[in-house]
Structure formats: structure tokens, C-alpha cells
2 protein chains.
Amino acid sequence: MTTALKDALAQAAAEIDQALDAILPPAEGPEAPLLAAMRYAVIGGGKRMRGFLVLEGARQFNASRQAALRVAAAIEMLHAYSLVHDDLPAMDDDDLRRGKPTVHKAFDEATAIIAGDALQTLAFGTLAEEDTHSDPAVRAELVRCLAKAAGARGMCGGQMLDMLAEAATEPLDEVAVGRLQLLKTGRLIEFSAEAGAILGKAPMPQRLALAAYGRDVGAAFQIADDLLDATASAEDTGKRTGKDAEAGKATLVGLLGIERARLQAERLVAQARQHLDSFGERADLLRDLAAYTIERKS
Amino acid sequence: MTTALKDALAQAAAEIDQALDAILPPAEGPEAPLLAAMRYAVIGGGKRMRGFLVLEGARQFNASRQAALRVAAAIEMLHAYSLVHDDLPAMDDDDLRRGKPTVHKAFDEATAIIAGDALQTLAFGTLAEEDTHSDPAVRAELVRCLAKAAGARGMCGGQMLDMLAEAATEPLDEVAVGRLQLLKTGRLIEFSAEAGAILGKAPMPQRLALAAYGRDVGAAFQIADDLLDATASAEDTGKRTGKDAEAGKATLVGLLGIERARLQAERLVAQARQHLDSFGERADLLRDLAAYTIERKS
């Protein structure tokens, strides 16, 4: 990872945590456990790759950093809700996430369900508030696109395919796995890259280029994640590893083998960077991030 | 119930179901079980009181019925998601809802969690789409208000208080129960009444009057619900009854006794109708609905 990227990621993570702290209600009043669980789920953890994409996308078009931080916080809340629900006993049944107990372990199952629900609500509410952008057309467009990325033909659809794949007797083929991952994680990463262009009212070709960049980075990231699950230890990654093979989960790594999957990820990174060809050197951190997705160790 | 109200409710329910059918993706493709579960949860059931409030509110200000139907559908999806999650084993653990098996019984627990999540997403997405209103400021305002009504200081907060009350050793007092119910069901009913005014760009005093009407109707409705749970049979209501007392749940009926609770509901209905004093006879169905909340048998 380049020093510039490392510094920018750390800076973004700190600022996004500040934004989340300001947006999330304090854990006070009779419903304090809910608010504490929401904060626990989303503050102070994760690489903030999605939020970073928002900030860097927005910077290409001189959109306000304050606005971009609110959108980044909203996407991180949406992402966090999906992890909280995905970790539930009826879903992936995970005890460990980002190196600490999952929400239903640290609190209880009912609290985890409700906290995930309320995080999703707050993500949409945050986008719709005037503080996010003075132009309501921008706010409505952000809500519309996030809903598309997160709904039944996006992230939720991907979650469902993942559950069905685990229960199926026939393994998924490469095309089906690719679609599953595009829905489950790709669409939200694509939207993260696109959101900055929406905030900055970018011309459509540049908005589409950023979205395409996000789509490829997301796909590369997913393969890298599966490679880590197949090859790294829980100590390195802060979550249980080897669980894909254990659960008989279909991944591109399982279908292609480690070497071909790595090559595929490299092709995606190169393609992602090509989408930025019309962008100047201001997009260098985005180029670095694409390269980093397949270099990372956790 | 007046014949006019009965006809209008039936008409609204049919139109809202049509709108839901048009908005919800067909149950096709590899993720078909998710889409089927979403449809199962929200189409063809319930009184559609929330949706009816939207339609009647919109009618006061000559807002487009097509737009109002989309907002009604969005609120019914939001409401349905909350029921699906509330029925889960880790929450209220209910097998029966609207006279048929709950989603996690008809499908499975993971599908119920994801279907609830995706219904919430689609509710917000629907409000943000251009079809709902040509003015993006109206769309953004609808999203903002729904998020407030549904989030940690609204419906989700109420759900949490309900869970905490069940686990607590000290019973809640009247004030705490009132707040719980305002959050858990009141805020969304309030927003349902207000939404038509937002769609119709009503003057603020009239928008606030409709919201206040909705708040009182919601409170009366909740007491009526608890009265039914205490006095009616499952056959009458299509859901398991007597479960509040069984679960030791604090309700106003439990705290005040059946007669005083009934009087309280009647006071709320009278107050709800007073909020409509500045409205002409076009608001008669809203007046009838307020009266009906405490007369109903299911």
C-alpha cells in the first residue's frame, strides 16, 4: 500500500467515525441498549473502503467534504446493518466480526435484529436530510440509488442467493457465483463510488465511469476476500477463516483455484483503473485503492 | 362502521394491493424465494389503515391518487417488514399473522429476516422514485419523515422498549407504556396521516392537524388492539389472543382495567376528530375511521 493511500484511508476512517458519532443518537433514555448496539455495530471498525470511495469520488468533482462524510456514514451504516443481520444464528451464525464479538453475542438476538433494522432506517434518513445536500434532487437520487443497490435485486438478493447456495445440492457455476457476488457486495461498492459523482453533479459519462470502476473494484475485493478466507488465519483477519470451504460455499476461488482466481482479480483491478483514464492525477488514490484490494492481508 | 367507510376501506385495500403488485418485483429468477416471501408478507392482508390514511389525507389537498397509492404502498411495506421481524423466534415468536402462517413459518427464518430487510429498503426506494412525485423536495421530505417515524426514536425504539419491558422485573407505568406505544405504532400512523399533506403541499397548520389526528387515532387504535387481545378470540381476530397477559406485557388495558382503558380510547377518538374541525365534509371518512378504531372486532 502506498503511504499516500495509507494516510488517506486512516484520515477518512477517523473523519467517518466522527460523522457517525454526530449522526447516531447518543445511547440515552429507556431505549439506550438499542442505541448502544447501533453504535457498537458501526463505530470504530472496518476498513471504511465504501466510505473512502464516497469521499474520493466526491473530491473528483469538488463536492463538499461535509456532505460526502454524511453520505459515507450512511453507506457504512447500511453496510453495518447487513453484517449484523448476516451474522445472526439463522444466517451465517458468526461470533466474531472485526475482531470483536458480533452484535447478537455482545447484546442479544432481538437487539441485533432491531439494531440492524434501525441502522438501515438511519442510513436512508441521513441521505434525505437537508444537511446532506441543499438540492433535494440530489438527496432523492442518493436515496433511490442506495435502495436499488441494497434491495431485493441488490444486496438483499445476494444474501438470499448465498443462503440458497448453501442449502443447494448442486454447486453454483462461475456465472452464478459472479452474479451472487455482484448483488451481495458489488452493487453497494459500485454505488459508493458513484455517490460522490451524484453529490458533485458530475456529467453522466464520468458518473458512469466511477460506477464501473466501483463495480470492478468490488468484484476484485470479493475475490481477495475469498482468497484471504482460503489462505489466511483468523488472527490476521480478525474474523473466522476457512469457513467458506467448511460451509461448502461456492466462491470463485473454489471454482477456479487460487492461482486463476488471483489472475482474475488482477484483471479486474487493471480494468478498474482503465475506467479512470479520463480522470487526472487527482484520481491517483482511487488507482492505488484498486491495486490495494488484492494486496491486502486482512 | 358506516357503509361509506366500509366501501372506501375495501376500495383502498384493493387499490393498494394493485399498487404493491406493480411495485414489488415478480417472484422470478434465482432469488425468487425472497421475492415470494416479500409478496407473501405484504400483499393481500391487513386492514390497510395506514394506507387508507395516506389516501384520505392526500384527498384533502387534491394530491394525485396515483402518487398517494405509491406512498400508501411504501408505508404498508414498512409496516409489513416490522411485523415480519417482530414475529421472529428471537422476538415475539408468533406462528400466526393475519390468519395465515408468519413468514418464518411459511418460508424459513433466514428468508424472513432478509425479506423484512428488503421490504424496508423498497419502502424508501419507492418514496424516492420520480413516479411518486415530480418535485424531488416532496420525495426527500417523505423519506426523511418516514425514517424519523420508523427509526431508533420511532418504531424500532418502540420495539426495543417492548422487548426490554418483557425482560424487566418492574412493570412499566402508564407514562412509560404510553411512550412505548407512541414509538412502536403511533409514529408510523401519525406519518401515514401526515404523508398526504406532504404530497399535497398543504399549509403547515393543516399538515400538523392531520399529524395530530393520526397520533390520536394511533393511540386509540393501540388501546383497542389491547382490548381485543384481552377480550376477543383468535378466531375473531386471525391472530393469537390473550398473549399480552400471558407474556406479562404492560398495556394500558392491564394498567387501567378494561373500562377505564375503553374510556381513554373514547377520549382520544373525540380529540382526533377535533383536530379535523378546520376540514370540511371531505374529511368525513377520516372522522368515521377515528370512531371505527374503537368499534372494530378484529
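Basis of the calculations
Residues numbered from 1 in each chain as written. Chains lettered and ligands numbered in written order. Predicted model: local features only at pLDDT ≥ 70, side-chain atom pairs only at ≥ 80, totals over all residues. Heavy atoms only, no water. UniProt positions renumbered as here; feature names shortened; annotations may be inferred. Phe/Tyr/Trp six-rings, centres within 6.5 Å; stacked < 30°, edge-to-face > 60°. Helix = DSSP H or I, 4+ residues; strand = E, 2+ residues; numbered from the N terminus. Buried < 20%, exposed > 50% of the residue type's maximum accessible area, 1.4 Å probe, protein only. Axes fitted to C-alpha atoms, helices over the stretch in contact; angles between N-to-C directions. Parallel < 35°, antiparallel > 145°, perpendicular 65-115°, else oblique. Left-handed = near helix turned anticlockwise from the far one by under 90°. Contact = heavy atoms within 4.5 Å. Nonpolar A, V, L, I, M, F, W, Y, C, P; charged D, E, K, R; others polar. Expected span 1.5 Å × (residues − 1). Polar contact = N/O pair within 3.5 Å; in protein donor to acceptor, adjacent residues only side chain to side chain. Buried area = accessible area lost by both parts, 1.4 Å probe. Salt bridge = Lys/Arg side-chain N within 4 Å of Asp/Glu carboxyl O. Least-squares fit on C-alpha atoms with pLDDT ≥ 70 in both.

The name given to chain A in an unreviewed UniProt entry is Polyprenyl synthetase family protein, with Falsiroseomonas algicola as the source organism. In UniProt, chain A has this text filed under Cofactor (unreviewed entry): "Mg(2+)". Here chain A is described in UniProt, under the heading Sequence similarities (unreviewed entry), as follows: "Belongs to the FPP/GGPP synthase family."

1. Overview of the packing of aromatic side chains
Applying the stated criterion to the full structure yields five aromatic pairs over all chains. A ring pair is formed by Phe-61 of chain A and Phe-279 of chain A, whose centres lie 6.1 Å apart and whose planes are at 75°; its orientation type is edge-to-face. Residue Phe-61 of chain A is located in the loop between α3 (49-60) and α4 (65-86), and its partner Phe-279 of chain A is located in the loop between α14 (258-274) and α15 (284-293); the two are separated by 218 residues in the primary sequence. Both residues of the pair, Phe-61 of chain A and Phe-279 of chain A, belong to the buried class. Measuring from ring centre to ring centre gives 5.0 Å for Phe-124 of chain A and Phe-124 of chain B, while their planes differ by 10°; the resulting arrangement is stacked. Pair noted here: Phe-124 of chain A is in helix α6 (residues 109-128) and Phe-124 of chain B is in helix α6 (residues 109-128), and the two residues belong to different chains.

2. Describing the packing of α6 of chain A against α6 of chain B
Running from N to C, α6 of chain A and α6 of chain B point in directions that differ by 20°, and their axes come no closer than 10 Å. When the axes of α6 of chain A and α6 of chain B are compared, the pair comes out roughly parallel. For α6 of chain A against α6 of chain B, the interelement crossing comes out right-handed. Contacts between α6 of chain A and α6 of chain B involve Glu-109, Asp-117, Gln-120, Thr-121 and Phe-124 of chain A from the first element and Glu-109, Asp-117, Gln-120, Thr-121 and Phe-124 of chain B from the second. Looking at the contact of α6 of chain A with α6 of chain B, its residues break down into two nonpolar, four polar and four charged.

3. What to know about α6 of chain B
Because each turn of an α-helix spans 3.6 residues, side chains separated by three or four positions in sequence point in the same direction. Residue and element names in this part refer to chain B. Compared with the 28 Å implied by 1.5 Å per residue over 20 residues, the 29 Å span of α6 between its first and last C-alpha is a close match. Across the 20 residues of α6, 19 count as buried, placing the element largely inside the fold. Looking at where α6 begins, the residue whose side-chain oxygen comes 3.3 Å from the main-chain nitrogen of Ala-110 is Asp-108.

4. Re the interface of chain B and chain A
Across the contact, 47 residues belong to chain B and 47 residues belong to chain A. Of the roughly 3,700 Å² buried where chain B meets chain A, counting both sides, 73% is carbon and sulfur surface. Ranking the residues of chain B by area buried against chain A places Glu-31, Arg-153 and Met-160 of chain B at the top, with a combined share of 16%. Applying the counting criterion to the chain B and chain A interface returns four salt bridges. Taking the shortest distance from any N to any O, the salt bridge between Glu-31 of chain B and Arg-179 of chain A comes out at 2.8 Å. Our enumeration of links across chain B and chain A arrives at 14 residue pairs in polar contact (both at pLDDT 80 or more). Only α2 (32-42), α4 (65-86), α6, α7 (136-150), α8 (155-167) and α9 (174-199) of chain B provide two or more residues apiece to the side of chain B that touches chain A.

5. Digging into helix α8 (residues 155-167) of chain A
Taking 1.5 Å of rise per residue, the 13 residues of α8 of chain A would be expected to cover 18 Å, and the 19 Å separating its terminal C-alpha atoms lies within 8% of that figure. Along α8 of chain A, ten of the 13 residues are buried, which leaves the element largely enclosed by surrounding structure. Restricting attention to buried positions, one finds in α8 of chain A the residues Met-155, Cys-156, Gly-157, Gly-158, Gln-159, Met-160, Leu-161, Asp-162, Met-163 and Ala-165 of chain A. Check the buried side of α8 of chain A and you find it contacts α4, α7 (136-150) and α9 (174-199) of chain A together with α2 and α6 of chain B.

6. A short note on the relation of the copies chain B and chain A
Of the transformation placing chain B onto chain A, the axial shift is 0.0 Å and the rotation is 180°, giving an RMSD of 0.0 Å. On this basis, the relationship between the two copies can be described by a two-fold rotation axis. Take the interface residues of chain B: 100% of them recur as interface residues in chain A, which is what a same-surface contact looks like.

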